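# Residue-level structural notes
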Amino acid sequence: VACRLLLLTGPTSSAQTPPALCNSSTSCAFSVNGAIDTTGRTIVNGDIGTYVGSFTGFPPGIYTVTKNVANAAALAAKNDLTLAYNSLNDATHAVIFDTAISATMGNGQVLTPRTYGRSDITTLAGTLTFDANGNTAAVFIIKIRAAFNVSAKTKIQLTNGAQAANIYWAVDGAVSILDSSTFKGTILSNGSIHLYTATMLEGRALAVVGAITLASSIVTMPVAVTNSLVIITPAKGDTIKGGTQNYQITWSGTGI
C-alpha cells in the first residue's frame, strides 16, 4: 500500500496534523526492533507483531486478527511507523508545538485540541481529561523528549466529542503504564513500552526501538466516530398539518 506523508511546517505550531500511520495503523501492538511478550491473559484486539525480535506469551495471551513477525507486512509497518514517529518527534519536529506541559500531568487537568510538548521526563497520575469542544475530528498531540511514566490507577477521560483515535503520544524514551490504569490514544515511542497488570489501552502501542511487554492487559483499536445528526420526529413520510404550533422535533446523534 502506497503511503504519502504530508508535512505541514510553521514557525510555532504543528496545526494538529495527525501522523500518517499507513501500514502500521492496523497494529495494536508492534515493535520495529524489539520483542513482543506477555504474561497472563492479555487480549489484543487487532494486529500484533515485530519486524526484529522474539514473540512470546501468546498463548495464554490472545490476539484477534493477525500476527506479523519478520514478514512483508511487518516490513511495511516498520517503514511507515518510522516515518510517522519522525514526523512528530525527531530533532526537527519535536520543537514544534503550541503549549508546553509540566513535568506532572493529570490530577484533574483538562487538555483541549492542540499540540503539547516537553523536553524531559514526564509523569501522568490521577485523572486527565481530553475536551474536544464538540468537534469529534479534533486532534491532540503530546510530544515528550524523554521517558514517560504513568502511575497506577491513572484514568484518561474523553468529553465533548474527544476520541481516542485522535490522540497521539510521541515519546522519545521508554513508556511505562502501571497497574489498573485506563489509557487512551496511540503511543509512538522511541523506546520500550510496558503495560503493567490489568491496564486497559484504547489505542495502539507502537515502538520504533524497544520491547513491548504486556501483563494481563487489554489493548483495543480506537475507532473514529464522526459528527452525525439523525432526526427522529418527524419521521420520513410524516405530514404536519399547516398552522400546527409547538411541534416537537426530536433528534439523536454523536458529537452534537
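Before reading on, note that the structure itself is shown above.
Residues numbered from 1 in each chain as written. Predicted model: local features only at pLDDT ≥ 70, side-chain atom pairs only at ≥ 80, totals over all residues. Heavy atoms only, no water.

## Considering the sheet that holds strand S15 (residues 148–150)
On the basis of which strands lie adjacent, the open sheet formed by eight strands has the order S5-S2-S22-S20-S18-S15-S12-S9 and parallel pairing. Both edges of this open sheet fall to strand S5 (55–56) and strand S9 (104–106), since each of them pairs with a single strand only. In this structure, strand S20 (residues 193–195) lies alongside strand S22 (residues 212–215), joined through three bridges in parallel fashion. Pairing of His 194 across the sheet is with Thr 213, part of S22. (Pairing = 2+ DSSP bridges. Helix = DSSP H or I, 4+ residues; strand = E, 2+ residues; numbered from the N terminus.)

## With respect to a nonpolar patch on the surface
The grouping of Leu 229, Ile 231, Ile 240, Tyr 247, Ile 249 and Trp 251 at the surface amounts to a nonpolar patch, some 600 Å² of accessible area in total. With respect to the secondary-structure elements, Ile 249 resides in the loop between strand S24 (228–233) and strand S25 (250–254). On the basis of relative accessibility, which here comes to 46%, the residue Ile 249 falls in the partly exposed class. (Patch = residues over 30% accessible without salt bridge, like charges linked within 9 Å, V, L, I, M, F, W, Y side chains within 5 Å. Areas by Shrake-Rupley, 256 points an atom, 1.4 Å probe, with all protein chains shown as cover. Salt bridge = Lys/Arg side-chain N within 4 Å of Asp/Glu carboxyl O. Buried < 20%, exposed > 50% of the residue type's maximum accessible area, 1.4 Å probe, protein only.)

## Details of the pairing of strand S21 (residues 200–207)
Judged by how many residues are buried, S21 sits mostly within the fold: six of eight residues are covered. By the bridge criterion, three bridges tie strand S1 (residues 27–33) to S21 in an arrangement that is parallel. Paired with Ala 29 across the two strands is Ala 205, which belongs to S21. Relative to S21, strand S19 (residues 182–189) runs parallel, the two sharing eight bridges. Across the sheet, Phe 183 pairs through a bridge with Leu 201, a residue of S21. Note: S21 against strand S23 (residues 218–220), three bridges, orientation parallel.

## Concerning unusual backbone geometry
With an omega of -5°, the peptide bond between Phe 58 and Pro 59 qualifies as cis. Along the chain, Pro 59 falls in the loop between S5 and strand S6 (62–63). A cis amide bond links Pro 59 with the next residue in sequence, Pro 60, at an omega value of 10°. Structurally, Pro 60 is set in the loop between S5 and S6. Residues other than glycine seldom take positive phi values, yet Cys 22 does so here, at roughly 50°. By the secondary structure assignment, Cys 22 is in the segment before S1. You can call Cys 22 partly exposed: its relative accessible area is 27%.

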